[in-house]
Amino acid sequence: MSLLCRLLPRFNSRGQLKPALLQPKPKDRGIWGYVAIAFNQVDAERLGKVGPNRLCAEWIIKNGGGVRFVGSPNRLWKDYNSLPGENTPFEIKVVDASNASIMKIGLEHLKNCKCIDTVIFHNCKHLENDGLEGLHHISSSLVRLQVSGCYNITDSGLAVIAQLKNLRQLIIFDMMFVDNMEAVSANLKKHLPSCDIKATKHSVTLKQDK
């Protein structure tokens, strides 16, 4: 039987439509989805060579974001080729993943980056609903977090933030698929009483270090 014949509707003797012989395939992941996965996987060999901070910086920058270093927090590094040489040590202070193609698996790069105190997830279209779980790697140092325009994340995805007990500032806005922002905010305030939480649909910015 030809493919065309198999795709055409088929009827039984009473003129009733038979079930299709070919079932629709699940929606294929776009080519850029596979590219994003490749750019988010931890390269264990390179990790052993350059260490966690440099590998984390390379991950963020390759995916379209930027980083700031301890000692020079005013400079945002976004050009891979401008990073310090591999023999020059540095520690990441800020992860700015604005418009970056980061995914949950990529947050494994945060492991052993012990000085990251600020993370910005803005317009991260590939970050899954459970993507914030990876922040537990930097829970001891993370004090500022922004989550905005990440449309895969829902109420349940934001709930994991309650585990980040050292947070002092949390900003959430422009989250299209969060059903009840007030309830999300109330729950987070209950678990993070020392954190300044702003959960709104309007644009706000993180406070700068003095």
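Since the model is a prediction, treat every value here as computed from it, not as a measurement.

(A) Region of interest: the overall build of the protein chain. If you tally the helices and strands in the protein chain, you get six helices and seven strands. Along the protein chain, helices and strands appear, N-terminal first, in the series α-α-α-α-β-β-β-β-β-α-β-α-β. Here the protein chain, with 210 residues, has 40% of them falling under the buried criterion. Of the contacts made within the protein chain by residues no fewer than 6 positions apart, 65% connect residues no fewer than 24 positions apart. Surface exposure of the protein chain reaches about 12300 Å², of which carbon and sulfur atoms provide 53%.

(B) Broad picture of the sheet that holds strand 3 (residues 92-96). The strand order across the open sheet formed by seven strands is 2-1-3-4-5-6-7, and the pairing between neighbours is mixed. Each end of this open sheet is capped by a strand with a single partner; those strands are strand 2 (72-77) and strand 7 (196-199). Here the average twist between neighbouring strands, direction ignored, is 10 degrees. Note: strand 5 (residues 144-148) against strand 6 (residues 169-173), five bridges, orientation parallel. Counterpart to Leu145 in the pairing with strand 6 is Leu170. Contacts between helix 6 (residues 181-191) and the sheet are confined to strand 6 and strand 7, with strand 7 contributing the most and set at about 170 degrees to the helix.

(C) Structural view of the nonpolar core. By size, the foremost hydrophobic cluster in this structure holds 47 residues, and its most contacted members are Ile102, Phe121, Leu132, Leu135, Leu145, Leu158 and Ile161. Breaking this core down by element, the ones donating at least two residues are helix 4 (52-62), strand 1 (66-69), strand 3, strand 4 (118-122), strand 5, strand 6 and helix 6. Sort the elements by how many residues they give to this core and helix 4 lands first, with five residues.

(D) Main features of the packing of aromatic side chains. Counted under the stated rule, the structure contains two aromatic pairs. A centroid spacing of 4.9 Å and a plane angle of 25 degrees characterise the contact between Phe69 and Trp77, whose relative ring orientation is stacked. Exposure class is identical for Phe69 and Trp77. Each is buried. Between the aromatic rings of Phe69 and Phe90, the centroid separation amounts to 4.1 Å while the plane-to-plane angle is 15 degrees, which identifies the pairing as stacked. Of this pair, Phe69 sits in strand 1 while Phe90 sits in the loop between strand 2 and strand 3, placing them 21 residues apart in sequence. Classification of Phe69 as buried rests on a relative accessible area of 4%. Its relative accessible area of 14% is what places Phe90 among the buried residues. Each member of the aromatic cluster is reached from another via a ring pair, and the members are Phe69, Trp77 and Phe90. We note Arg75 situated over the ring of Trp77; from NZ or CZ to the ring centre the distance is 3.5 Å.

Cut-off values and rules
- Note that residues are indexed from 1 along each chain, following the sequence as it is written.
- For a predicted model such as this one, the threshold for reporting local features is a pLDDT of at least 70, and the threshold for listing and counting side-chain atom pairs is 80 or more; totals across whole chains, interfaces and linings nevertheless cover every residue.
- As a convention, hydrogens and water are excluded, and side-chain values are obtained from all of the structure's heavy atoms.
- Numbering of helices and strands starts at the N terminus; helices are DSSP runs of H or I of at least 4 residues and strands are runs of E of at least 2.
- Only protein chains enter the accessibility calculation, which uses a 1.4 Å probe; a residue whose area is less than 20% of its type maximum is buried, one above 50% is exposed, and one in between is partly exposed.
- Contacts are assigned to residue pairs that have any heavy atoms within 4.5 Å of one another.
- Accessible areas in this description were obtained via Shrake-Rupley with a 1.4 Å probe; residue shielding takes into account the shown protein chains only.
- Being paired, for any two strands, means DSSP has found at least two bridges between them.
- Note on geometry: axes are C-alpha line fits, over the in-contact stretch for helices, and angles between N-to-C directions span 0 to 180 degrees.
- Think of a nonpolar core as a cluster: buried Ala, Val, Leu, Ile, Met, Phe, Trp, Tyr and Cys residues, connected wherever their side-chain atoms sit within 4.5 Å.
- Paired rings are identified among Phe, Tyr and Trp, the last through its six-membered ring, by centres lying within 6.5 Å, and are further divided according to the angle between planes into stacked (under 30 degrees), edge-to-face (over 60) and tilted (the rest).
- A positively charged side chain is recorded as over a ring if its NZ (Lys) or CZ (Arg) lies within 6 Å of the ring centre. The angle to the ring normal must also be within 35 degrees.

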